Amino acid sequence: MQSPVVHFDIAGPNEKEQHHFYAGLLGWQVDAKGPGYALARTPDGGPDGALIEADTATVTIGIAVADLDAALARAVELGGTVLMPRTDNGWVVKAQVTDPAGNVLTLIQQ
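Residues numbered from 1 in each chain as written. Predicted model: local features only at pLDDT ≥ 70, side-chain atom pairs only at ≥ 80, totals over all residues. Heavy atoms only, no water.

As recorded in an unreviewed UniProt entry, the chain goes by the name Glyoxalase, listed as coming from Paractinoplanes durhamensis.

This is the structure:
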């Protein structure tokens, strides 16, 4: 099973500085959708993501999986932890896990 990177979230304080940085450095189109959340569109077919205002700086990648429930079970078998169970937010069905080192991955149902 191959699971491509399809989304990312970059979080940190100072929303305006984050938008300016990623648009200016990488040429991403930043589209504010409301307080603390903006879509980030990357060029040339790269995965799009979000810039999120938060107290702590983090980067989370979103990975498309063919079977979300099986991927959650496999993550636990391999030493990961489920942070957010299967959730349907009306746009996508996703869950979050940590790898054994504590890095967060968002698993997105294809």
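Next comes the rest of the write-up.
Peer 1: Just checking my understanding: could you explain the pairing of strand β8 (residues 104–109) for this structure?
Peer 2: Side-chain positions along a regular strand alternate between the two faces of the sheet. Bridging between strand β5 (residues 58–65) and β8 involves five bridges; their strand directions are parallel. Across the sheet, the residue bridging to valine 65 is glutamine 109, located in β8. As paired elements, strand β7 (residues 93–98) and β8 share five bridges and run antiparallel to each other. Looking at the pairing, threonine 98 lines up with valine 104 of β8. Between β7 and β8, which follow one another and run antiparallel, lie five residues, and glycine 102 among them has a positive phi close to 100°. (Pairing = 2+ DSSP bridges. Helix = DSSP H or I, 4+ residues; strand = E, 2+ residues; numbered from the N terminus.)

Peer 1: Sorry, what's going on with helix α1 (residues 15–26) here?
Peer 2: Under the 1.5 Å per step criterion, the end-to-end length of α1 is 16 Å for twelve residues, consistent within 8% with the ideal 16 Å. The complete set of buried residues in α1 reads Glu15, Gln18, His19 and Tyr22. Seen along its axis, α1 keeps its buried residues to an arc of 100°; they face one direction. For α1, the exposed residues set more than 90 degrees away from the buried face come down to Lys16, Glu17, His20, Gly24 and Leu25. Buried residues in α1 make contact with β1 (5–12), β2 (29–34), β3 (37–41) and β4 (48–53). (Expected span 1.5 Å × (residues − 1). Buried < 20%, exposed > 50% of the residue type's maximum accessible area, 1.4 Å probe, protein only. Arc of directions from axis to C-beta. Contact = heavy atoms within 4.5 Å.)

Peer 1: Hey, could you run me through the nonpolar core in this one?
Peer 2: One broad rule of soluble globular proteins: the nonpolar side chains tend to lie buried together. If you look at the biggest cluster of nonpolar residues, it comprises nine residues: Ile63, Val65, Leu68, Ala71, Leu72, Ala75, Ala95, Val97 and Leu107. Of all the elements in the fold, those that place two or more residues in this core are β5, α2 (68–77) and β7. The biggest single contributor to this core is α2, with four residues. Those residues within four positions of leucine 68 in sequence are excluded, and the remaining contacts are Arg86, Val93, Lys94, Ala95, Leu107 and Gln109. Within the second largest apolar cluster, seven residues are counted, among which are Tyr22, Ala38, Ala40 and Leu51. (Core = buried A, V, L, I, M, F, W, Y, C linked by side-chain atoms within 4.5 Å.)

Peer 1: What should I look at first to understand the pattern of salt bridges in this one?
Peer 2: Side chains that differ in sign of charge can pair as their charged atoms come close. Summed over all chains, the structure comprises four salt bridges. We note a salt bridge from arginine 41 to aspartate 48, for which the minimum N-O separation is 3.7 Å. Residue arginine 41 is classed as partly exposed on the basis of its relative accessible area, which comes to 35%. Residue glutamate 77 pairs with arginine 74 through a salt bridge whose shortest N-O separation is 3.0 Å. Separated by three residues within a single helix, glutamate 77 and arginine 74 lie in helix α2, roughly one turn from each other. Judged by its relative accessible area of 46%, arginine 74 is partly exposed. (Salt bridge = Lys/Arg side-chain N within 4 Å of Asp/Glu carboxyl O.)

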